[in-house]
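# Descriptive analysis of the structure
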Amino acid sequence: MFPIRTAAFALIILLAGCNQSTPNQQVSAPTEGAQAGAESSSPADANDLYSPLLKPKGKVTLSSCRMGGCAWNKWLYVKSISTSETEQTLEVTLLSGDSRLKDGEDSPTSPDGVAINWNVEPEVINVTCSHTAPSVSGEALTLNSESAVPGAMESAAELYFAACHSNVDGYSSGIETFSYDVK
């Protein structure tokens with residue numbers, strides 16, 4: 001009888017800990033078929049925090065536009081190379097390209113109809129998906145809603161949210177949607 005009581009007590013302690021708010025922890029909606037309000041007895045891990053773009057199939061995303069031109073990425077391959085409880089490291093292979101804007105033309109929102117000059121060789125970039133230390137190619141990212149991402153890091157922020165969360169709606173949307181507060 002004693003081991004059953006001990007196991008029940010451990011489960012109660014575990015479930016009580018699930019209700020505590022932890023900074024930078026993403027809360028996800030119940031999966032389809034799960035009852036609303038049902039508590040999970042397993043702690044969140046990197047597989048619950050991130051939804052990498054693992055099958056990009058040549059997806060083309062806008063990296064940034066400035067000074068009359070735009071930078072683009074054609075996603076060739078994304079591979080998870082390590083996962084811990086709170087982080088996931090991805091190896092991203094992509095082809096970079098650029099396009100020119102005509103005078104007075106707005107920045108495009110999609111690659112449709114855009115003449116993109118693609119680089120000949122693909123590049124491999126490591127991305128660390130983390131709510132406390134996000135980085136692209138070893139460069140730390142500042143991702144929070146209070147301060148703007150520096151212009152020089154906008155492309156990296158776009159790449160980060162596409163790679164780690166399959167979010168191509170812009171990094172500011174990603175910061176809000178996935179509750180980033182990295183200063």
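Residues numbered from 1 in each chain as written. Predicted model: local features only at pLDDT ≥ 70, side-chain atom pairs only at ≥ 80, totals over all residues. Heavy atoms only, no water.

Here Ser130 is to be found in strand β5 (residues 123–130). Owing to a relative accessible area of 1%, Ser130 belongs among the buried residues under this scheme. In terms of polar contacts, Ser130 uses its side chain to reach the backbone amide nitrogen of Ala133, at 2.8 Å. Contact partners of Ser130, with chain neighbours within four places excluded, come to Tyr50, Thr86, Glu87, Tyr160 and Tyr180. (Helix = DSSP H or I, 4+ residues; strand = E, 2+ residues; numbered from the N terminus. Buried < 20%, exposed > 50% of the residue type's maximum accessible area, 1.4 Å probe, protein only. Polar contact = N/O pair within 3.5 Å; in protein donor to acceptor, adjacent residues only side chain to side chain. Contact = heavy atoms within 4.5 Å.)

For the rest of this paragraph, the subject is the environment of Leu90. Here Leu90 shows up in strand β3 (residues 87–100). The spacing of Leu90 and Thr128 is 38 residues in sequence and 6.4 Å in space, taken between C-alpha atoms. In this view, Leu90 contacts Pro52, Val78, Lys79, Ser80, Ile81, Ile125, Asn126, Val127, Cys129, Ala163 and Cys164; residues no more than four positions away in its chain are not counted.

All told, the structure shown has 2 disulfides when counted by the stated rule. For Cys65, the disulfide goes to Cys70, at an S-S distance of 2.0 Å. Given an S-S torsion of about 105°, the disulfide between Cys65 and Cys70 has right-handed geometry. Given a relative accessible area of 22%, Cys65 falls into the partly exposed group. By relative accessible area, Cys70 is classed as buried at 4%. Through a disulfide, Cys129 is tied to Cys164; the S-S separation comes to 2.0 Å. The S-S bond linking Cys129 to Cys164 shows a torsion near -90°; that makes this disulfide left-handed. (Disulfide = S-S within 2.5 Å.)

Bringing the nonpolar core into the picture now. Counting 29 residues, the largest nonpolar core has Val127, Leu143, Tyr160 and Tyr180 as its most contacted members. Elements that contribute at least two residues to this core include exactly α2 (46–49), β2 (69–83), β3, β5, α3 (154–165) and α4 (171–177). Those residues within four positions of Val127 in sequence are excluded, and the remaining contacts are Gln88, Thr89, Leu90, Val92, Ser135, Val136, Leu159, Tyr160, Ala163 and Cys164. (Core = buried A, V, L, I, M, F, W, Y, C linked by side-chain atoms within 4.5 Å.)

This part is about unusual backbone geometry. One non-glycine residue, Met67, adopts positive backbone phi at about 50°. Along the chain, Met67 turns up in the loop between β1 (60–66) and β2. Look at Met67 and you get exposed, because its relative accessible area is 79%. With phi around 55°, Ser179 is a residue other than glycine that occupies positive phi space. Positionally, Ser179 belongs in the segment after α4. On the basis of relative accessibility, which here comes to 44%, the residue Ser179 falls in the partly exposed class.

Further remarks concern α3. With 12 residues, α3 extends 16 Å from end C-alpha to end C-alpha; this agrees with the ideal 16 Å at 1.5 Å per step. Counting buried positions over the 12 residues of α3 gives 10, a clear majority of the element. When we look at burial in α3, the residues that qualify are Ala156, Ala157, Glu158, Leu159, Tyr160, Phe161, Ala162, Ala163, Cys164 and His165. One or two steps after α3, the chain reaches Ser166, where phi turns positive at roughly 55°. (Expected span 1.5 Å × (residues − 1).)

Along the chain, Pro122 falls in the loop between β4 (117–118) and β5. Sequence separation between Pro122 and Leu95 is 27 residues; the distance between their C-alpha atoms is 4.4 Å. When sequence neighbours within four positions are dropped, the list of residues in contact with Pro122 reads Leu76, Thr93, Leu94 and Leu95.

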